[in-house]
Amino acid sequence: MTGAPAPALPERIGRYRVIDRIAKGAMGSVYSAMDEQLGRQVAVKLMLAAFEEDPELRERFYREARITGQLMHRNIVTVFDLGEDAGRPFIVMELLDGRPLNEYLHSDVPATLDEKLDLMMQMLDGLQSAHQAGIVHRDIKPNNLLVLRDGTLKVLDFGVARLASSNLTAAGMLLGTPQYMSPEQARGQNLDARADVFSAAGVFHYMLSGHPPFGARDMRKILHAIINEPPVALSDDEAPEPLRRILDKGLAKAAGDRYQQCADMRTDIEQVRRSIAASTARVIDAGRARYHQLTALIEERRGCGRDLGIADIDASCDEALSRIGSRFSAFATADSVLLDRAAANAALESLQSLYNAERAALAAMQDRVLDGASASKGGAPRESFWRGLLKRRGN
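Because the structure is a prediction, the values reported are computed rather than measured. (Residues numbered from 1 in each chain as written. Predicted model: local features only at pLDDT ≥ 70, side-chain atom pairs only at ≥ 80, totals over all residues. Heavy atoms only, no water.)

**Q** I keep staring at the overall build of the protein chain and nothing clicks. Help me out?
**A** A tally of helices and strands in the protein chain yields twelve helices and eleven strands. Counting every position in the protein chain, which comprises 395 residues, the buried fraction comes to 44%. Here the analysis covers contacts within the protein chain between residues at least 6 apart in sequence; of these, 60% occur between residues at least 24 apart. Carbon and sulfur atoms make up 51% of the accessible area of the protein chain, which amounts to about 20200 Å² in all. (Helix = DSSP H or I, 4+ residues; strand = E, 2+ residues; numbered from the N terminus. Buried < 20%, exposed > 50% of the residue type's maximum accessible area, 1.4 Å probe, protein only. Contact = heavy atoms within 4.5 Å. Areas by Shrake-Rupley, 256 points an atom, 1.4 Å probe, with all protein chains shown as cover.)

Have a look at this one:
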């Protein structure tokens, strides 16, 4: 049995020629369209027909355009125009080439911790700009955050946002997404920018762990957990301890115990990022030193092999050099490289194991050279250092 066919695309919305439907939200559908007057592609969000007679939803739709239109920031979607088509309001925005944050995080190539920290800082930059304009988003969640192909993050969907001076959505109304809303939001209380700080910290928890900070149970249990329970603890593998402290502060139950503005949280995350980068740089420097020591050992083994007349020694050493050059390319160059600290540590450990094995192989080959030299002079073969060491341990 097949589902109902998709509704036909409108030919035009206002003066914009529709190209394709790209998304459908709770209040409207989003189309890619061509602004033929300016010769650019745009995104047009058209309110669903089912809501066009609801005065409150119409006002909320218009308010999203008015609010977003006040904000000019690289991390907030840009609104170009507002209008009506056959009585249905529409918003015209920049057309973005990217993926929602949750899809981006589940792509085939996982994001590194540094990339996640960069996205966190961008999100906080966008929210800080909105807060300085007196706007609280109130629905920060992974689906409302878009990651573009160049790594830029955009905050979307100010549909339930509120101007500090507005009374359209009064206290007592529960608006937002339960998994990421603040305790005061869950209670239906008045909100300020610190509610967005809580939600942002909740999204950061999701970015690091893959799940919301208070689980994904039914709404009643989620709201109870947000108000009364601590978030699910992050492991050492998911986040370093300084970063966990930042998220704990951002997820404090009392607004007064949280970061009072996004800029302060961003400053602390940036410090953690710099500390991790410095630590990673030290690991990479150690890896480069060990890499060059390993290649020197392989060249020594080549020389010993030639002394012993080993026929395929050059081919063997060339293959070894090619293999480690490909496997440890980050250590093979003096150029700056983007490497996650965990990946750098794992690569250094693997390189150390190969270095130890190469040292043992070279030592055994050097023993053979010395034994050959002793035999040619009529002396007794010299006991191998390694055989002697094993003999003494056996005793």
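The discussion continues.
**Q** Where do I start with the sheet that holds strand S10 (residues 153-155) in this structure?
**A** Strands pair in a sheet through their backbones, by hydrogen bonds, and they do so in one of two ways: parallel or antiparallel. Strand order in the open sheet formed by three strands is S7-S9-S10, and the pairing between neighbours is antiparallel. Single-partner strands in this sheet number two, and they are strand S7 (98-100) and S10. Between one strand axis and the next, the sheet turns through 30° on average, direction left out of account. As paired elements, strand S9 (residues 145-148) and S10 share three bridges and run antiparallel to each other. (Pairing = 2+ DSSP bridges. Axes fitted to C-alpha atoms, helices over the stretch in contact; angles between N-to-C directions.)

**Q** Looking at this model, I keep getting lost on unusual backbone geometry. Mind explaining?
**A** Positive phi values are uncommon outside glycine, yet Ala86 reaches one of about 50°. Among the secondary structure elements, Ala86 is positioned in the loop between strand S5 (79-85) and strand S6 (88-94). Look at Arg138: it is not a glycine, yet its phi comes out positive at around 75°. Mapped onto the elements, Arg138 comes out in the loop between strand S8 (135-136) and S9.

**Q** What exactly am I supposed to notice about the packing of helix H5 (residues 193-209) against helix H8 (residues 262-307) here?
**A** Two packed helices can be described by the angle between their axes and the distance between those axes. At a minimum axis separation of 10 Å, H5 and H8 run at an interaxial angle of 30°. Our classification of the angle between H5 and H8 gives roughly parallel. Our pair here, H5 against H8, has a crossing hand that is right-handed. Two secondary-structure elements touch here, H5 through Val197, Ala201 and Phe204 and H8 through Cys262, Met265 and Ile269. When its residues are assigned to classes, the contact of H5 with H8 shows six nonpolar, no polar and no charged. (Parallel < 35°, antiparallel > 145°, perpendicular 65-115°, else oblique. Left-handed = near helix turned anticlockwise from the far one by under 90°. Nonpolar A, V, L, I, M, F, W, Y, C, P; charged D, E, K, R; others polar.)

**Q** Hey, could you run me through the pattern of salt bridges in this one?
**A** Close approach of charged atoms allows side chains of opposite charge to pair. For the structure on display, the rule yields 23 salt bridges. As a salt-bridge pair, Arg194 and Asp192 come within 2.8 Å of each other at their nearest N and O atoms. Across the pair Arg302 and Asp314 runs a salt bridge, and its minimum N-O distance is 3.0 Å. Of the two residues, Arg302 sits in helix H8 while Asp314 sits in helix H9 (residues 313-327), which places them twelve residues apart along the sequence. Note on Arg302: relative accessible area 9%, which makes it buried. (Salt bridge = Lys/Arg side-chain N within 4 Å of Asp/Glu carboxyl O.)

**Q** Help me understand the side chain of Thr152 in this model?
**A** Checked against the element boundaries, Thr152 lands in the loop between S9 and S10. A residue is classified by how much of its surface remains accessible, and Thr152, at 9% relative accessible area, is buried. Polar side-chain contacts of Thr152 include one of 3.4 Å to the side chain of Arg74. In contact with Thr152, not counting residues within four places along its chain, are Arg74, Asn75, Gln122, Leu146 and Val147. (Polar contact = N/O pair within 3.5 Å; in protein donor to acceptor, adjacent residues only side chain to side chain.)

**Q** What is the right way to look at the packing of aromatic side chains in this model?
**A** For any two aromatic rings, the description comes down to two numbers: the centre-to-centre distance and the angle of the planes. According to the stated counting rule, one finds three aromatic pairs in the structure shown. For the ring pair Phe198 and Phe214, a centre distance of 6.1 Å and an interplane angle of 5° mean the geometry is stacked. In this pair, Phe198 sits in helix H5 while Phe214 sits in the loop between H5 and helix H6 (219-228), placing the two residues 16 residues apart along the sequence. You'll find Phe198 and Phe214 in the same group, each marked buried. An angle of 10° between the planes, with centres 6.4 Å apart, marks the rings of Phe328 and Phe331 as stacked. Its relative accessible area of 4% is what places Phe328 among the buried residues. A cation over a ring is seen here: Lys249 above Tyr259, with NZ or CZ 4.4 Å from the ring centre. (Phe/Tyr/Trp six-rings, centres within 6.5 Å; stacked < 30°, edge-to-face > 60°. Lys NZ or Arg CZ within 6 Å of the ring centre and 35° of its normal.)

**Q** Explain the nonpolar core to me, please; I cannot follow it from the model alone.
**A** Note on soluble globular proteins: their nonpolar side chains tend to be buried together. If you look at the biggest cluster of nonpolar residues, it comprises 52 residues, and the most contacted ones within it are Leu101, Met123, Phe204, Met207, Leu243, Met265 and Ile269. In contact with Leu243, not counting residues within four places along its chain, are Leu113, Leu117, Leu208, Ile269 and Val272. (Core = buried A, V, L, I, M, F, W, Y, C linked by side-chain atoms within 4.5 Å.)

**Q** Hey, could you run me through H6 in this one?
**A** Since the α-helix turns once every 3.6 residues, residues separated by three or four places project in the same direction. Among the residues of H6, Ile222, Leu223, Ala225 and Ile226 are the ones counted as buried. Within H6, the buried residues cover an arc of 160° as seen down the axis, which keeps them to one side. Seen from the open side of H6, the exposed residues pointing more than 90 degrees away from its buried face are Arg220 and Asn228. Sitting at the amino-terminal end of H6 is Asp218, which places a side-chain oxygen 3.2 Å from the backbone nitrogen of Arg220. (Arc of directions from axis to C-beta.)

**Q** Just to check I follow, could you spell out the state of the cysteines for this structure?
**A** Within the structure shown, the criterion is met by zero disulfides. Here Cys317 stays free of any disulfide, with the sulfur of Cys304 as its closest cysteine sulfur at 9.7 Å. (Disulfide = S-S within 2.5 Å.)

**Q** I'm lost on the layout of surface pockets in this one. Help?
**A** Gaps left between atoms show up when a probe the size of a water molecule is rolled over them. The calculated volume of the largest pocket comes to roughly 920 Å³. If you trace the largest pocket, you find 32 residues lining it, with Val30, Lys45, Asn144, Leu156 and Asp157 closest to the centre. Secondary structure elements with two or more residues in the lining of the largest pocket: strand S2 (16-24), strand S3 (28-35), strand S4 (40-47), helix H1 (55-69), S6 and S7. Considering each element in turn, the lining of the largest pocket owes the most residues, four residues, to H1. Looking at the lining of the largest pocket residue by residue, the class counts come to 17 nonpolar, six polar and nine charged. (1 Å grid on protein atoms, 1.4 Å probe; cavity = no way out; pocket = protein on both sides within 12 Å on 5 of 7 lines; lining within 4 Å. Points joined across faces, edges and corners; volume = space filled by probe spheres on them.)

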